[in-house]
Amino acid sequence: MGVEPVMRIVIKIGGSVIASPLEPERILQYSNILRTLKEEGHEIVVVVGGGKVAREFISIADRMGLADNDKDEIAILVSRLNAQLVARALREYGSKDIPSTTEEVKRLLNAGKIVVMGGLKPGITTDTVAAIVLESIGSKVLVKATDQDGIYDMDPKKFPNAKKLDRLSYSDLHKIVTQGDHKPGMHGILDPKSIQILEMQKAKVVVINGLKPDNILLVIRGRKVGTSVEAR
Ligand code: UTP
């Protein structure tokens, strides 16, 4: 990955980065960076997570005894609201239509927009949305902006001596990420379902610290940041 080749890029911005709580300054920083990438010719789809607000709604829905499907649908709406903030910050570069299908994603991308979206359907996370979209638009690059510096050999929130890894193969990644069924609000480095799709697509995934939005530019310019996962 370097400066020159123009790419179709999927960027997942974690809810932990811009929506836990909502961070107007950071959203504006992201919008500037996304515009820069667009001006350089890249085609971009941004998938935004639900964050703390979505988790609050899930927890309230849980206390009301609602079904998992209801919790997911409500969280999806929250992620789409977060997406609206990013899309509108992009002004004419963005679109007020937040796509709810991959067909709409393709239509908006072909219309020259930076596409911004949230969730797609119950039973998955926005990591998996990013993977589904990557496959449907034929992209080979996913940048995941999260609240950690990359992928660690152990959960850095639980183990202070966890070591950050610079490069991984998919088989290394499988060993680190534990499998588990979908639960509304589940959280991890990268959702196992998304990894399955990304591996099949032989996509390059770079997990970066999204609390520093400039990291997105560094990655696209081929600099070593975060952790990259590649098919070998
Ligand atoms: P995410 O878990 O993807 O966002 O969506 P997050 O909480 O912000 O996580 P990070 O920080 O981005 O990784 C929140 C919840 O919304 C529902 C799921 O319950 C998910 O846990 N959801 C999201 C869906 O059911 N379908 C979707 O397509 C997206």
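**Quick word on the pairing of strand β1 (residues 8-13)**
In terms of residue burial, β1 counts as a mostly covered element, since five of its six residues are buried. With six bridges joining them, β1 and strand β2 (residues 43-48) adopt parallel strand pairing. Within β2, the residue paired with K12 across the bridge is V47.

**Concerning the pattern of salt bridges**
Scanning the model with the defined rule gives 14 salt bridges in all. The shortest N-O distance in the salt bridge between D68 and K71 comes to 3.2 Å. Here the residue D68 and the residue K71 both occupy positions in helix α4 (residues 68-89), the gap between them amounting to three residues, near one helical turn. Residue classification places D68 among the partly exposed residues on the basis of a relative accessible area of 40%.

**Considering unusual backbone geometry**
The step from S20 to P21 runs through a cis peptide bond, and the omega angle for that step is 5 degrees. Mapping P21 onto the fold places it in the loop between α1 (15-18) and α2 (24-39). Located in the positive-phi region is K202, a residue other than glycine, with phi close to 55 degrees. Looking at K202, the relative accessible area reads 62%, which means it is exposed.

**Examining α4**
The first and last C-alpha atoms of α4 sit 32 Å apart over 22 residues, in line with the 32 Å expected at 1.5 Å per residue. Within α4, the full set of buried residues consists of K71, D72, A75, I76, V78, S79, N82, A83, Q84, V86, A87 and A89. Against the buried residues of α4 lie α1, α2, β2, α3 (51-63) and β3 (115-117). At the C-terminal side of α4, R91 shows a positive phi close to 50 degrees.

**Some details on the environment of V78**
On the secondary structure map, V78 appears in helix α4. For the pair V78 and E92, spaced 14 residues apart in sequence, the C-alpha separation works out to 23 Å.

**Brief notes about the packing of aromatic side chains**
For the structure on display, the rule yields zero aromatic pairs. Taking the ring centre of Y93 as reference, the NZ or CZ of R35 above it sits at 6.0 Å.

**Overview of the packing of helix α5 (residues 102-110) against helix α6 (residues 126-137)**
Think of two packed helices as two axes; the pair is described by the angle between the axes and how far apart they sit. Between α5 and α6, the least distance of the axes is 10 Å, while the angle of their chain directions is 60 degrees. Taken together, the axis directions place α5 and α6 in an arrangement best described as oblique. Considering how the two elements wind past one another, α5 and α6 form a crossing that is right-handed. Residues T102, V105, K106 and L109 of α5 pack against I132, V133, S136 and I137 of α6. By residue class, the composition of the contact of α5 with α6 is five nonpolar, two polar and one charged.

Rules used in this analysis
- Residues numbered from 1 in each chain as written.
- Predicted model: local features only at pLDDT ≥ 70, side-chain atom pairs only at ≥ 80, totals over all residues.
- Heavy atoms only, no water.
- Buried < 20%, exposed > 50% of the residue type's maximum accessible area, 1.4 Å probe, protein only.
- Helix = DSSP H or I, 4+ residues; strand = E, 2+ residues; numbered from the N terminus.
- Pairing = 2+ DSSP bridges.
- Salt bridge = Lys/Arg side-chain N within 4 Å of Asp/Glu carboxyl O.
- Expected span 1.5 Å × (residues − 1).
- Contact = heavy atoms within 4.5 Å.
- Phe/Tyr/Trp six-rings, centres within 6.5 Å; stacked < 30°, edge-to-face > 60°.
- Lys NZ or Arg CZ within 6 Å of the ring centre and 35° of its normal.
- Axes fitted to C-alpha atoms, helices over the stretch in contact; angles between N-to-C directions.
- Parallel < 35°, antiparallel > 145°, perpendicular 65-115°, else oblique.
- Left-handed = near helix turned anticlockwise from the far one by under 90°.
- Nonpolar A, V, L, I, M, F, W, Y, C, P; charged D, E, K, R; others polar.

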